[in-house]
Amino acid sequence: MEFRIDRTAFADAVGRSVRALPARTPVPVLGGLLLEADAGRLAVTGFDFEAAVRVEAEAEVAVPGRVLVLGRRLLDVSRVLPDGPVSCALETSRFTVEADGTRFGLSTLPLAEYPALPVAPAPYGTVDAAAFATAVAQVAVAAGRDDTLPLLTGVQLRLDGGEMTLSASDRYRYAVRRLEWKPGAAADGVVEALLPSRRLLDVARSLGRCGDVVIGWDPARGGGLVGFEGGPTRTALRLLDGRLPTYKSLFDMAGAAVAEVECEGLAEAVRRVAVVAEANSPVRLDFSSDGSVMLRAGFGDDVAAQRLPATLSGADEMPVAFNPAYLLDALTSFESPRVRLELLGAGQRALLHGVPDRVPDPGAGTAEAGAHRHLLMSVKQLV
């Protein structure tokens, strides 16, 4: 195996594919990156059974071949290489990397022990890469972090006609985002898939500038994988078992009072008053019909308060309190300048959604109107 490649392209391919490697693994070969050189292309693949990331780059291939190299060591090397062409070769059991007089020798891992890579699912449709990255980031904040409950660590992807719906919940909050996508010729019926949120977020961010992302799905093979392809990068994610509970009844806020406030200002006020709060202590919001909301946090002599302009309809006053971290996650997930809160009272549900600068076009479809909503549980004990 022997090839030459531009240093920037080499570092980019290694950096993208190394994201699939596990932080710790009892299987040493899973810490390796598979490099395959053939016919003017270098393909770099990382794999850990949950995700496979393959990145291709142009290269001058003198001798085709395959090699398995420790991924994070190769990443460190690629970052310090001088700019310009990089020459790589497999010399017996050593992989050499050389650029502008700098030479590295790296040990290799046994290819025979490397597991078979999953076959990428067939293309199923496309979605705008930037919109997809934004949507995944908006819902992923509501996914759980407890790996003992894997169902709640996922983002549910639903494809139905020309609409994609992403949702996530950790039992205390539930985020939903809808956006348009373009089904391909093979698309048929409704697709639902639960994907690991951290993996999906990383994939969406890495493909955010690719123009369009090709979604891969192959129900003929059991639908155990969902593929994402953009530019030179192809990723396959293995599905989690199960599906999230439905949210339609939770999002029914009949009889709720409605408050509206400037989103960034409210987020900044929450950050400010929460500095005196103990861990897991709530921030209280007192909305009133006089056109303001009072934020309070803390106990005893350690307290903070701030008043902001706000509107309230459906009640003369509405006191609620939230976990400040959860509230900040929700507020910062919105892109609109103002946020509307539908409130049922202390200890009950609160539904947040953005207030657009313009009235949504009635012909734009459901993917625009109410596209992003975030449900929070308010705490019963008010500060």
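Each remark here, short or long, concerns the structure printed above.
Throughout this document, residue positions are counted from 1 along each chain, in the order its sequence is written. Reporting in this predicted model follows two pLDDT cut-offs: at least 70 for local features of residues, and 80 or more for side-chain atom pairs to be given and counted; totals over whole chains, interfaces and linings ignore these cut-offs and use all residues. To get the side-chain values, take all heavy atoms of the structure and skip hydrogens and water.

Caption draft 1: Just the sheet that holds strand 20 (residues 283–288), in detail. Paired strands, in this sense, are two strands between which DSSP finds at least two bridges. Counting from the N terminus, the helices are DSSP H or I runs at least four residues long and the strands are E runs at least two residues long. Taken in spatial order, the 12 strands line up as 15-11-12-13-26-25-24-19-22-21-20-23 in an open sheet, and their pairing is antiparallel. At either end of the open sheet lies a strand with only one pairing partner, and these are strand 15 (191–196) and strand 23 (317–322). Across the sheet, the axes of successive neighbouring strands diverge by a mean angle of 25°, strand direction being ignored. By the bridge criterion, five bridges tie strand 20 to strand 21 (residues 292–299) in an arrangement that is antiparallel. Bridge pairing in strand 21 places Ser 288 opposite Ser 292. Note on contacts: a residue pair qualifies if any of its non-hydrogen atoms lie within 4.5 Å across the two residues. Axis angles are defined between N-to-C directions and span 0 to 180 degrees, where every axis is a line fitted to C-alpha atoms and, for a helix, only to the segment in contact. Across the sheet, helix 5 (residues 263–273) is in contact with strand 19 (257–262), strand 20, strand 21, strand 22 (302–313) and strand 24 (338–343); its angle to strand 22 comes to roughly 160°.

Caption draft 2: Seen up close, the pairing of strand 18 (residues 233–238). Relative to strand 18, strand 4 (residues 51–58) is paired through five bridges, and the arrangement is antiparallel. For Ala 51, the partnering residue across the bridge sits in strand 18 and is Leu 237. The pairing of strand 17 (residues 225–230) with strand 18 spans six bridges and is antiparallel. When the bridges of strand 18 are listed, Val 226 appears paired with Leu 237. Hairpin connection from strand 17 to strand 18: two residues lie between these consecutive antiparallel strands, with Gly 231 at a positive phi of about 60°.

Caption draft 3: Highlighting the packing of helix 5 against helix 6 (residues 324–332). Packing of helix 5 against helix 6 brings their axes to within 10 Å, and their N-to-C directions diverge by 160°. Relative to helix 6, the element helix 5 lies roughly antiparallel. Handedness of the crossing formed by helix 5 with helix 6: left-handed. Contact with helix 5, carried on its side by Cys 263, Leu 266, Ala 267, Val 270 and Arg 271, involves Pro 324, Leu 327, Leu 328, Leu 331 and Thr 332 of helix 6 and no other residues of that element. Of the residues that constitute the contact of helix 5 with helix 6, the class distribution is eight nonpolar, one polar and one charged. In these notes the angle categories are as follows: under 35 degrees is roughly parallel, over 145 is roughly antiparallel, 65 to 115 is roughly perpendicular, and the rest is oblique. The handedness criterion is simple: a crossing whose near helix is rotated anticlockwise from the far helix by less than a right angle is left-handed, and one whose near helix is rotated clockwise is right-handed. Side-chain classes follow a simple rule in which Ala, Val, Leu, Ile, Met, Phe, Trp, Tyr, Cys and Pro form the nonpolar group, Asp, Glu, Lys and Arg form the charged group, and the remainder, Gly included, forms the polar group.

Caption draft 4: Local environment of the packing of aromatic side chains. Here is the rule: rings of Phe, Tyr and Trp (six-membered ring for Trp) pair when centre to centre is within 6.5 Å. Planes less than 30 degrees apart are stacked, more than 60 are edge-to-face, and the remainder are tilted. This model, assessed by the stated rule, comprises eight aromatic pairs. When the centroid spacing of 6.3 Å and the interplanar angle of 15° are considered together, the rings of Tyr 124 and Trp 181 count as stacked. Pair noted here: Tyr 124 is in strand 10 (residues 123–128) and Trp 181 is in the loop between strand 13 (173–180) and strand 14 (182–183), with a separation of 57 residues, a long-range link. One aromatic cluster in this structure is built from Tyr 174, Tyr 247 and Phe 251.

Caption draft 5: View of the sheet that holds strand 4. Strand order in this open sheet of nine strands is 6-2-3-4-18-17-16-10-14, and the pairing throughout is antiparallel. The sheet terminates laterally at strand 6 (65–70) and strand 14, the two strands that pair on one side only. Across the sheet, helix 2 (residues 71–80) is in contact with strand 2 (32–38) and strand 6; its angle to strand 6 comes to roughly 90°.

Caption draft 6: Structural context of helix 6. Exposure is judged per residue with a 1.4 Å probe applied to protein chains only, and the accessible area is read against the type maximum: over 50% gives exposed, under 20% gives buried, and values in between give partly exposed. Of the positions making up helix 6, those classed as buried are Pro 324, Leu 327, Leu 328, Ala 330 and Leu 331. The arc enclosing the buried residues of helix 6, seen along the axis, measures out at 160°, which places them on a common side. In this structure, the buried side of helix 6 is in contact with helix 5, strand 20, strand 23, strand 24, strand 25 (349–355) and strand 26 (372–377). Each C-beta atom gives one direction from the helix axis, and the arc is the one those directions make.

Caption draft 7: Main features of the pairing of strand 3 (residues 41–47). Burial within strand 3 is extensive, with six of its seven residues counted as buried. With five bridges joining them, strand 2 and strand 3 adopt antiparallel strand pairing. Its bridge partner lying in strand 3, Asp 38 is registered against Arg 41. Linkage of strand 2 to strand 3, two consecutive antiparallel strands, is achieved through a turn of two residues, within which Ala 39 is found at a positive phi near 50°. Following strand 3, the chain reverses through three residues before pairing antiparallel with strand 4; Phe 49 in that reversal takes a positive phi of roughly 75°.

Caption draft 8: Inspection of unusual backbone geometry at higher detail. The phi torsion at Asp 100 lies on the positive side, around 50°, for a residue other than glycine. Tracing the chain through its elements places Asp 100 in the loop between strand 8 (94–99) and strand 9 (102–107). Residue classification places Asp 100 among the exposed residues on the basis of a relative accessible area of 68%. Of note in this structure, Arg 171 is not a glycine but carries a positive phi near 85°. Locating Arg 171 in the fold gives a position in the loop between strand 12 (163–169) and strand 13.

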